[in-house]
Amino acid sequence: MFLVGPCSTILGKATGLPIYQLLGGKAQDDIKLYRAISQIEPSAMAANLASYRAEGYTKFQLKVGADADSDIARIRLCAAALKPGDVLVADANTGWTMHEAARVVNAVRDVDVYIEQPCPTYEECLVTRRRTALPFVLDENIGSVHDLTRGIADGAMDVINLKISKVGGLTKARLMRDLCIEAGVPMTIEDTWGGDIVTATIAHLAQSTPADFCFSATDFNSYGTKDIASGAPKRVNGTMRASDGPGLGVEPIMAALGTPVLVI
Ligand SMILES: [Mg+2]
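In this text the structure is predicted, and so the values were computed from the model without any measurement.

On to the overall build of the chain, then. When helices and strands are counted, the chain shows 10 helices and 12 strands. Judged by the C-alpha coordinates and their principal axes, the chain covers about 55 × 40 × 35 Å. Counting over 264 residues, the chain shows a buried share of 51%. Considering only residue pairs separated by 6 or more positions, the chain has 69% of its internal contacts joining residues 24 or more positions apart. Carbon together with sulfur atoms contributes 56% to the accessible area of the chain, which is approximately 11,600 Å² in total. Between the centroid of the 25 positive side chains of the chain and the centroid of its 30 negative side chains there is a distance of 2 Å.

Moving on, we come to the nonpolar core. If you look at the biggest cluster of nonpolar residues, it comprises 68 residues, and the most contacted ones within it are Leu62, Ile75 and Ile160. In terms of residue count, helix H9 (residues 196–207) provides more of this core than any other element does, 7 residues in total. Ignoring any residue separated from it by four or fewer positions in sequence, one finds isoleucine 75 in contact with Leu62, Val64, Leu88, Ala90, Val104, Val108, Val111 and Val113. Listed in part, the 6 residues of the second largest apolar core include Val87, Tyr114, Val137 and Phe215.

The next point concerns the coordination of the magnesium ion. Geometry sets the ideal angles at a metal, namely 109.5 degrees for four tetrahedral donors and 90 or 180 degrees for six octahedral donors. Here the magnesium ion is held by the protein donor atoms Asp91 (OD), Glu116 (OE) and Asp139 (OD), which lie 2.0 to 2.4 Å from it. Of note, the magnesium ion draws all its donor residues from one chain, in the sequence arrangement D-x24-E-x22-D. Of this pair, aspartate 91 sits in strand E4 (residues 87–91) while glutamate 116 sits in strand E5 (residues 114–116), placing them 25 residues apart in sequence. Both residues of the pair, aspartate 91 and glutamate 116, count as buried.

Criteria and thresholds
Residues numbered from 1 in each chain as written. Predicted model: local features only at pLDDT ≥ 70, side-chain atom pairs only at ≥ 80, totals over all residues. Heavy atoms only, no water. Helix = DSSP H or I, 4+ residues; strand = E, 2+ residues; numbered from the N terminus. Buried < 20%, exposed > 50% of the residue type's maximum accessible area, 1.4 Å probe, protein only. Contact = heavy atoms within 4.5 Å. Areas by Shrake-Rupley, 256 points an atom, 1.4 Å probe, with all protein chains shown as cover. Lys, Arg positive; Asp, Glu negative; His and termini not counted. Charge placed at Lys NZ, Arg CZ, Asp CG, Glu CD. Core = buried A, V, L, I, M, F, W, Y, C linked by side-chain atoms within 4.5 Å. Donors = N, O, S within 2.8 Å, 3.2 Å for Na, K, Ca; no water.

As structure tokens, then:
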């Protein structure tokens, strides 16, 4: 038994439909993926960006949120490594206080970069949002329908990260996805972490989301080294597609999952 979107999975298997059909139908073909660039020394991050670019990625999420001076260098060096059409997001993962965030957004105001989740609280992020003209992403502060509707009402962000398991599974994520489309807020469709099964779940929600509102998505299974399900999406040139098979279209590799912790 596996516990990712189980109700949707069972409904898909019972009806013979892929989950993306149950979530509204196919709304795009190739789902564009981002690559996270781990936080290390600034010039090494720019080199990593270039190597991921060579693998086909065109969207990059820099992990910043350290001290403002080194983060300014990270953003500038990585922006210089981009090609036309690439997308750069500087994700502070709540790491800055408001004065540090103010220094960074002022110092990179001439750079084509998105600023993601600069500070821990919603209120601190709102202060930073009002200090910058750069496009703004909220992640850690969007965990529920309530968080989303408050953010929409406040004009607190241009994009959100929609993490499926964090918001309560596919049914809640679909509701939030549809609210985002109504409000004009594109999404990075992803999760907190995962492998083949989570990547398949992301792919189905993203496949049923119009491309204009699918800012990016994540192929978590290419970060790991162990296959835990067959039939999961595989990245091709920086994109993926959901399976057309019933349900998630994946079969868990039980031997890879190890000894069950609970059997029902
Ligand atoms: Mg983030």
